Amino acid sequence: MRISVYLLRREVPFSQDCLSEPSQFHQVRVRPPEDFDHEGPVDWELFVRSAPPKQAAWVSSVRPIALDDTHLDGLTSQSTGGVLLVRVVGRVFAVTFGNGFHAIPAEAIEPTFGLRVAANIIESGDVTSADTKGLGLSARSQKTILPAPRTFYELGVEPLEEWVRQLGGKVAAADLATTASGADSLRLTIKNFSLPDLPRKLSEIYDAYGRDDYKRNFGFIDHYVRLNRKDPVVAELDGRVRTMVGAEDSRISFAAPDPFEQLHVASYRLKYRKACDIDDLTTEAVYGAIGQLSRCADKPGKVLVTAHDVDGKDVDRPYKLYDYVQVELTHDDGHLYALRSGVWFRIDKDHLREIDAYLRQLPDITDSLVLPEWDVAALEAAGDDKTAEGSYNKMVAKQPGFVLLDKDNVHWGRHRKIEVCDLLTDRKQLICVKRATQSSALSHLFAQASVSASLMFDPVYQKKLRSHWSRLGTSQKFDGVGEWVFVYAIATDRVGVLVDSLFFFSKVNLRNHAQAIQQRGFGVAVARILVR
């Protein structure tokens, strides 16, 4: 038998009133639940509903080709659902049947209840599925299913950057269940089970919910917790976002909320009574466009954004500007919260400390590298490259001890082009340069260095590198890998320690790529480029 279980919040009443549209349900008299050795009362109430029959949705599709449609008239469908509320071990559970799950309001349930139970009762090598959403550069949502139980990492999921919202697999204790799948709700497959045994089973489930066994193999489920829209913290954070957008705060960046194909996007149209088109979602461009629209107090909630292709056609549906906002804010409760695709996530404090501790041990060579300032106006007026970044790299390469490699790609295979780095120094420093306008730009920066590092042992790649290095009048020997250092040179106007000034998900991305580079034996360092 399969059961679907929700744990309701402590303040939710044990009554029909906890359901959505409670008047649509009818209470069914049930036998008293069987008592068992436990603390507190045991009780349950069953509520059911059925929608009026209606014509099956597919009938209208086949009617145009039917010579005699009288046989189609009686084809109807009817949805039914039931909710069994169970009070046991001092908590209220909702067990749903059919379409009954629609009657459980999101604000009434204990979030991640099912995920935690599943993570506590599934062994590390018995995972069969996961549902994830990317929170960094990748906003992809994906459901991954394995044909047989395997380790979690064989799913190809990166839990440091992706929110794991569902986990499924084989249950270790067969007397509890055979399989489990958990998100906010919990779905169990149980052999030789009937509903009279439900209170006892819910007691066992709640015991599994309270354990912390999951931290051994699935501790990452605590990294990111999605907030319900009705959480009071959300209202406070949204108010701060409205204020920040109104003040054109540079700590906010903008990115497309949906994983539509970015190569198809040629421009974005922002609209509130008036309309303004921009080519890119840079913070400066978005604020500039908003300034040309009609005034309103709630710009994130009122301004609509539509992505267009080169022909001016919509690439995706319109979204509120709020759905494009990416920002991280610290709340009075001491937690860091991140807004992605219109959803707030609470970031685990221990996870944050772990990331920060790693990044702070990376050498910051700003003082010894002495890179010139990133003068926004001067670079835009330079005209010697299509991008400010290109103009900056050309300017730096005119100084002694630097060679320009920006856009000088190594052709790898038939279709792949690899950029070794942007600038090479006579001290074996491979410098990758980017301005920190938004997380996606830095994601490309971090990946550039790690991809290059992965090819550094190839003879063809080394030959290309030596040819550039010889222009500095140095030896053409590749020498030991430990002498080469990949430098992330980040242009930013944020104050404080460079790595501390990055967005959290940029920090995660930097940590992942820096570790990949170090594992190959190369050094990693960071350097600040002052923006003015």
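A brief report on the enclosed structure follows. (Residues numbered from 1 in each chain as written. Predicted model: local features only at pLDDT ≥ 70, side-chain atom pairs only at ≥ 80, totals over all residues. Heavy atoms only, no water.)

1. Focus on the packing of aromatic side chains
This is how the line gets drawn: Each pair of aromatic rings taken from Phe, Tyr and Trp, with Trp reduced to its six-membered ring, is defined by centres within 6.5 Å and is described as stacked if the planes are under 30 degrees apart, edge-to-face if over 60, and tilted in the remaining cases. In this text, helices come from DSSP runs of H or I with a minimum length of four residues, and strands from runs of E with a minimum of two, each type numbered from the N-terminal end. Only protein chains enter the accessibility calculation, which uses a 1.4 Å probe; a residue whose area is less than 20% of its type maximum is buried, one above 50% is exposed, and one in between is partly exposed. Note on criteria: charge over ring means Lys NZ or Arg CZ within 6 Å of the ring centre, with the direction from the centre no more than 35 degrees off the ring normal.
Following the criterion strictly, the structure yields 20 aromatic pairs and no others. Judged by centre distance (6.2 Å) and plane angle (75°), the rings of Tyr-224 and Phe-504 are edge-to-face. Taken together, the residues Tyr-224 in strand β13 (residues 224-226) and Phe-504 in helix α15 (residues 504-519) connect sequence positions 280 residues apart. The exposure class assigned to Tyr-224 is buried, which follows from its relative accessible area of 2%. A centroid spacing of 6.3 Å and a plane angle of 75° characterise the contact between Tyr-319 and Tyr-324, whose relative ring orientation is edge-to-face. The exposure class of Tyr-324 is buried, given its relative accessible area of 1%. Among the aromatic side chains, those forming a connected cluster through ring pairs are Phe-93, Phe-113, Tyr-206 and Tyr-209. The residue whose ring lies beneath Arg-317 is Tyr-319, and the NZ or CZ to ring-centre distance is 3.9 Å. One residue, Arg-494, lies across the ring of Phe-503, its end atom 4.4 Å from the ring centre.

2. Structural notes on helix α3 (residues 198-210)
Formally: Under the convention used throughout, the expected extent of a helix is 1.5 Å for every residue step, that is, one less than its residue count. Contacts are assigned to residue pairs with any non-hydrogen atoms lying within 4.5 Å of each other.
Between its terminal C-alpha atoms α3 stretches 18 Å, which fits the 18 Å expected from 13 residues at 1.5 Å a residue. Close packing links the buried residues of α3 with β1 (2-7), β3 (43-50), β6 (80-88), β7 (91-98), α2 (113-121) and β12 (186-189).

3. Section: the pattern of salt bridges
So the rule is basically this: Counted as salt bridges are all cases of a side-chain nitrogen of Lys or Arg within 4 Å of a carboxyl oxygen of Asp or Glu.
In the structure shown here, the tally under the stated rule is 26 salt bridges. Residues Arg-165 and Asp-131 are paired through a salt bridge, measuring 3.3 Å at the closest nitrogen-oxygen approach. In this pair, Arg-165 is assigned in strand β10 (residues 162-171) and Asp-131 in strand β8 (residues 122-134), connecting sequence segments 34 residues apart. Residue classification places Arg-165 among the partly exposed positions, given a relative accessible area of 23%. As a salt-bridge pair, Asp-238 and Arg-229 come within 2.9 Å of each other at their nearest N and O atoms. Assessed through its relative accessible area of 48%, Arg-229 is described here as partly exposed. What you see here is one network of salt bridges that share partners, running through Arg-63, Asp-69 and Asp-73.

4. Considerations on the state of the cysteines
Basically, it comes down to this: Pairs of cysteine sulfur atoms within 2.5 Å are what we label disulfides.
Using the criterion set out here, one finds zero disulfides in the structure. Of the cysteine sulfurs around Cys-421, a residue in no disulfide, the closest is that of Cys-432, at 5.9 Å. Assessed through its relative accessible area of 0%, Cys-432 is described here as buried.

5. Points about the nonpolar core
Most often, soluble globular proteins have nonpolar side chains that are buried together. Note the cut-off: As used here, the term nonpolar core means buried Ala, Val, Leu, Ile, Met, Phe, Trp, Tyr and Cys residues forming a set that is joined through side-chain atoms within 4.5 Å.
Judged by nonpolar contacts, the single largest core of 49 residues is most densely connected at Tyr-224, Leu-424, Leu-430 and Tyr-488. Top contributing element to this core by residue count: α15, with six residues. Here Leu-424 is in contact with Gly-401, Phe-402, Val-403, Leu-405, Gln-429, Leu-430, Leu-465, His-468, Trp-469, Leu-472 and Trp-484, once residues within four sequence places are set aside. Counting residues in hydrophobic clusters, the runner-up holds 44 residues, among them Phe-36, Leu-115, Ala-177 and Ile-221.

6. Digging into helix α12 (residues 388-397)
Counting buried residues in α12 gives seven out of 10 residues, a clear majority hidden from the surface. Along α12, the residues classified as buried are Glu-389, Gly-390, Ser-391, Tyr-392, Asn-393, Val-396 and Ala-397. Structurally, α12 contributes buried residues whose contacts are with α11 (376-382), β22 (402-404), β25 (423-425), β26 (429-435) and β28 (523-530).

7. Here we look at the sheet that holds strand β15 (residues 267-272)
This is how it is decided: Two strands are counted as paired when DSSP detects at least two bridges linking them. The angle between two axes is taken between their N-to-C directions and runs from 0 to 180 degrees, where each axis is a line fitted to C-alpha atoms and a helix contributes only its stretch in contact.
Taken in spatial order, the four strands make up an open sheet running β16-β15-β17-β18, and their pairing is antiparallel. Either end of the sheet is taken by a strand with one partner, and the two such strands are β16 (274-278) and β18 (319-320). Looking at chain direction, β15 and strand β17 (residues 304-308) are connected through five bridges and run antiparallel. Considered in β17, the bridge of Leu-270 is made with Val-305. This element, helix α6 (residues 283-291), spans β15 and β16 of the sheet and lies at about 160° to β16.

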